[in-house]
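Here is what each chain is made of, one letter per residue.
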Amino acid sequence: MKAYQEVVGEGAIQLAKAADEVSRETGASIAVAPPLPLLKPVVEAVEIEVFAQSADPVRPGAATGFTPLEMIKEAGARGVILNHSEHRLLLNDLSWMIGRARDLGLDQLVCAPDPETSAAAAALSPTAIAVEPPELIGTGKAVSKERPEVISRTVELVSRISKGVHVITGAGIESGSDVSAALSLGTQGVLVASAIVKARNWRDKITELALPLLGKR
């Protein structure tokens, strides 16, 4: 959801409910990541998994303005997104946070800009990696069509490091055909924000993007 005006307050809850309905009706595995202040209200409103958009490499204590992973867990989140291109982390902080999240029972979705960085992140054994070339994020130019080699190379390198790390794709994903193209390259899912948040009908757009995950067009 990022921090778009459309998902301020009640908007985040309504979008999450739309995703929840699509998941129940289609059987597609869908998770949402609302802005941090809305994490708990969204968790309480839906049955699908809810991820935090970020967290900080600190423990609870004297850390004004930071969000420890423990607070993410307490809010009821299933996991956390780490190292998004809009919220990057140092490698040592990323390593610490993956381990700490794992200890807390939180899934870790690590974003990476390219295949080589994805492979380095895979060595830390997160739950999943989302490869997202930052220059394509929010452009409507899907990485699965503009730079398909980024996906196939990432899948190849990550599988060499750890077959247990899932690979998903983000950046510019706008349509069901973009999702289908990504899946054909070996990715296991997609990470999407603006295409849904900015859509006229959230439910219809989520359905369009979810159906390819089920082998449907």
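Residues numbered from 1 in each chain as written. Predicted model: local features only at pLDDT ≥ 70, side-chain atom pairs only at ≥ 80, totals over all residues. Heavy atoms only, no water.

**Thoughts on the overall build of the protein**
Piece 1. A count of helical and extended segments in the protein gives 10 helices and 7 strands.
Piece 2. Computed over the C-alpha atoms, the radius of gyration of the protein is 16 Å, within 12% of the 17 Å expected from 2.2 N^0.38 for a compact globule of 217 residues.
Piece 3. Principal-axis analysis of the C-alpha atoms gives the protein an extent of 50 × 40 × 30 Å.
Piece 4. Burial status across the protein gives 52% buried among its 217 residues. (Helix = DSSP H or I, 4+ residues; strand = E, 2+ residues; numbered from the N terminus. Rg over C-alpha atoms; globule rule 2.2 N^0.38 Å. Buried < 20%, exposed > 50% of the residue type's maximum accessible area, 1.4 Å probe, protein only.)

**Section: the UniProt feature "active site" (unreviewed entry) in the protein**
Piece 1. With numbering matched to this structure, UniProt assigns "active site" (unreviewed entry) to His 84 and Glu 132. The largest pairwise C-alpha distance within this set of annotated residues, which runs over 49 residues, is 8.6 Å, so the set is compact in three dimensions.
Piece 2. Topologically, His 84 is positioned in the loop between β3 (79-82) and α4 (91-104).
Piece 3. For His 84, a relative accessible area of 12% puts it in the buried group.
Piece 4. Setting aside its immediate chain neighbours within four residues, His 84 contacts Lys 2, Cys 111, Glu 132 and Ile 137.
Piece 5. The residue Glu 132 is located in the loop between β5 (128-131) and α6 (143-146) in this model. (UniProt positions renumbered as here; feature names shortened; annotations may be inferred. Contact = heavy atoms within 4.5 Å.)

**Quick look at the sheet that holds strand β6 (residues 166-170)**
Piece 1. Read from one edge to the other, the open sheet built from 7 strands follows the order β1-β2-β3-β4-β5-β6-β7, with strand pairing classed as parallel. The open sheet is flanked by β1 (31-32) and β7 (190-191), the only strands paired with a single partner.
Piece 2. Pairing analysis gives 4 bridges linking β5 to β6, with the strands arranged parallel. Bridge pairing in β6 links Ala 130 to Ile 168.
Piece 3. Across the sheet, helix α5 (residues 115-122) is in contact with β4 (107-112) and β5; its angle to β5 comes to roughly 170°. (Pairing = 2+ DSSP bridges. Axes fitted to C-alpha atoms, helices over the stretch in contact; angles between N-to-C directions.)

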